[in-house]
Amino acid sequence: TSHPKIALRQHADPRGDTVSEDVAEDIAKDIRSVVATLSQKGYRRLVAVSVDDGDARLTTCLQSVGFRRRPRMEVYERALRHASPSVTDLPPQILVSDFHGLAAQEVYPVVDAIFAERPIVGHRSEFQEIMENSGFLPDCSRVARDGDRMIGVQLVHRRAPTVVEFTYGGVTPEWRRRHVALSLLSHSLDACRAAGYRTVTGHVAIENAAGRGFLDRAGFSRVGSLSNCSLDLRGDARSPARA
Ligand SMILES: CC(C)(COP(=O)(O)OP(=O)(O)OC[C@H]1O[C@@H](n2cnc3c(N)ncnc32)[C@H](O)[C@@H]1OP(=O)(O)O)[C@@H](O)C(=O)NCCC(=O)NCCS
């Protein structure tokens, strides 16, 4: 069975917009019980997202429970009614196809090449978690090949009845700036539109200038930013029960 990554989104304070110390303490307790339950169920990672760094106290609570801060993200959105970018200059030997019959391992060479240039804790296990996340849409996701070599990938997940998210996109360094990513994205957009979705979202780390330039070029608009924290639940799950 797969254990999808889950998001704890916008933990709202039910008592209004001022969070006092004791309410903050309640939130920390809630989060601890959520963490305990999810660890028992075999989930591997808990991600908490807060929009626009809105509540520093929530971040403090999360850190007190053991969450680590991850890079801040810019959030982008695009309406699918707009035509997909047309790509006329893709090198002719590049073949773009969907995910039918493809195993995650076959995409690892691309993922490893991308993580090798910018090491991120988790490496391909991070990618594997994204792929296993519920809502993966193989029909809307795409890979690019140069002969037998995998050189690019675009993963798409369903997020709501009309909304998809572009969850991971990348091209091996030696194939960059030749419109491979744009072509993958364009095929994905067409497939999402044909499947009846209306909006696509995506996010990219603030310091990722190439990613932001790419989404701009593909017709996405920035709709905000979010800070995110992550907690590895496996450590908790493995440690012996405390007295
Ligand atoms: C971002 C990434 C996927 C782009 O792949 P790519 O195949 O090189 O992109 P394309 O050739 O299709 O570029 C399309 C357009 O995006 C923009 N773009 C691409 N790379 C850019 C860069 N380094 N800086 C600024 N704009 C860039 C340009 O407008 C480009 O059009 P142009 O070359 O005609 O000017 C690639 O750099 C990558 O794999 N990065 C590491 C993984 C990553 O950051 N993924 C997040 C994606 S949101």
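Given the structure is predicted, the values throughout are model-derived calculations rather than measurements. (Residues numbered from 1 in each chain as written. Predicted model: local features only at pLDDT ≥ 70, side-chain atom pairs only at ≥ 80, totals over all residues. Heavy atoms only, no water.)

Draft legend 1. Layout of the overall build of the chain. Helix and strand counts for the chain come out as seven helices and nine strands. Each of the 243 residues in the chain was classed as buried or not, and the buried ones make up 44%. Long-range contacts, defined as pairs at least 24 residues apart, comprise 76% of the intrachain contacts of the chain with a sequence gap of at least 6. Split by element, the accessible area of the chain, about 13,200 Å² in all, is 50% carbon and sulfur. (Helix = DSSP H or I, 4+ residues; strand = E, 2+ residues; numbered from the N terminus. Buried < 20%, exposed > 50% of the residue type's maximum accessible area, 1.4 Å probe, protein only. Contact = heavy atoms within 4.5 Å. Areas by Shrake-Rupley, 256 points an atom, 1.4 Å probe, with all protein chains shown as cover.)

Draft legend 2. Just the packing of aromatic side chains, in detail. Evaluation of the coordinates by the stated rule reveals five aromatic pairs. Consider the rings of Phe 166 and Phe 220, whose centres lie 6.3 Å apart with planes at 55°: the pair is tilted. One end of the pair, Phe 166, is in strand E7 (residues 163-171); the other, Phe 220, is in the loop between helix H6 (209-217) and strand E9 (221-232), with 54 residues separating them in the sequence. Cluster of aromatic residues (ring-pair linked, three or more members): Tyr 108, Phe 115, Phe 127 and Tyr 168. A cation sits over an aromatic face here: Arg 178 above Trp 175, 4.2 Å from the ring centre. (Phe/Tyr/Trp six-rings, centres within 6.5 Å; stacked < 30°, edge-to-face > 60°. Lys NZ or Arg CZ within 6 Å of the ring centre and 35° of its normal.)

Draft legend 3. Structural view of the pattern of salt bridges. Inspection of every chain in the model, using the stated rule, returns nine salt bridges. A salt bridge links Glu 117 to Arg 176; its shortest N-O distance comes to 2.8 Å. In this pair, Glu 117 is assigned in helix H3 (residues 108-117) and Arg 176 in the loop between E7 and helix H5 (180-194), connecting sequence segments 59 residues apart. Taking relative accessible area as the criterion, Glu 117 reaches 43% and is therefore assigned partly exposed. (Salt bridge = Lys/Arg side-chain N within 4 Å of Asp/Glu carboxyl O.)

Draft legend 4. Local environment of the confidence of the model for the chain. Predicted confidence across the chain gives a mean pLDDT of 83, with 82% of residues reaching 70 or more. Of all secondary-structure elements in the chain, the lowest mean pLDDT belongs to strand E1 (residues 6-9), at 44, while H5 reaches the highest, 98. Ignoring residues within four places in sequence, the model shows residues 1-17, a span with pLDDT below 50, making 39 contacts including any to other chains. Counted against residues more than four places away or in other chains, residues 236-243, with its pLDDT under 50, gives three contacts. (pLDDT = per-residue confidence, 0-100.)

Draft legend 5. Seen up close, the site of the ligand. Near the ligand lie 18 residues; those nearest to it are Gly 169, Arg 177, His 179, Leu 182 and Asn 208. Here the ligand, which alone exposes 910 Å², has 77% of that area covered by the protein. If you list the elements that add at least two residues to the shell around the ligand, you get E7, H5 and H6. Its residues assigned to classes, the shell around the ligand shows seven nonpolar, six polar and five charged. (Near = heavy atom within 4 Å. Nonpolar A, V, L, I, M, F, W, Y, C, P; charged D, E, K, R; others polar.)

Draft legend 6. Examining H5 more closely. Taking 1.5 Å of rise per residue, 15 residues should cover 21 Å, and H5 covers 21 Å from first to last C-alpha, within 8% of that figure. By the burial criterion, the buried members of H5 are Val 180, Leu 182, Ser 183, Leu 184, Leu 185, Ser 186, Ser 188, Leu 189, Ala 191 and Cys 192. (Expected span 1.5 Å × (residues − 1).)

Draft legend 7. Layout of the pairing of E7. Burial runs high along E7: seven of the nine residues are buried. Inspection of the sheet shows strand E6 (residues 149-160) paired to E7 by eight bridges, in the antiparallel sense. Bridge assignment links Gly 152 to a residue of E7, and that residue is Val 171. The hairpin formed by E6 and E7 contains two residues between the paired strands. Two elements, E7 and strand E8 (residues 199-205), share four bridges in a ladder whose sense is parallel. Paired with Phe 166 across the bridge in E8 is Gly 202. Viewed along the sheet, the connection from E7 through H5 into E8 turns out right-handed. (Pairing = 2+ DSSP bridges. Right-handed = clockwise from strand over helix to strand, strands pointing away.)

Draft legend 8. View of the side chain of Ser 141. Locating Ser 141 in the fold gives a position in the loop between helix H4 (123-132) and strand E5 (142-146). Among the polar contacts made by the side chain of Ser 141, one reaches the main-chain carbonyl oxygen of Leu 137 at a distance of 2.9 Å. The residues contacting Ser 141, other than those within four sequence positions of it, are Ser 97, Asp 98, Phe 99, Phe 136, Gln 154, Leu 155, Val 156 and Ser 188. (Polar contact = N/O pair within 3.5 Å; in protein donor to acceptor, adjacent residues only side chain to side chain.)

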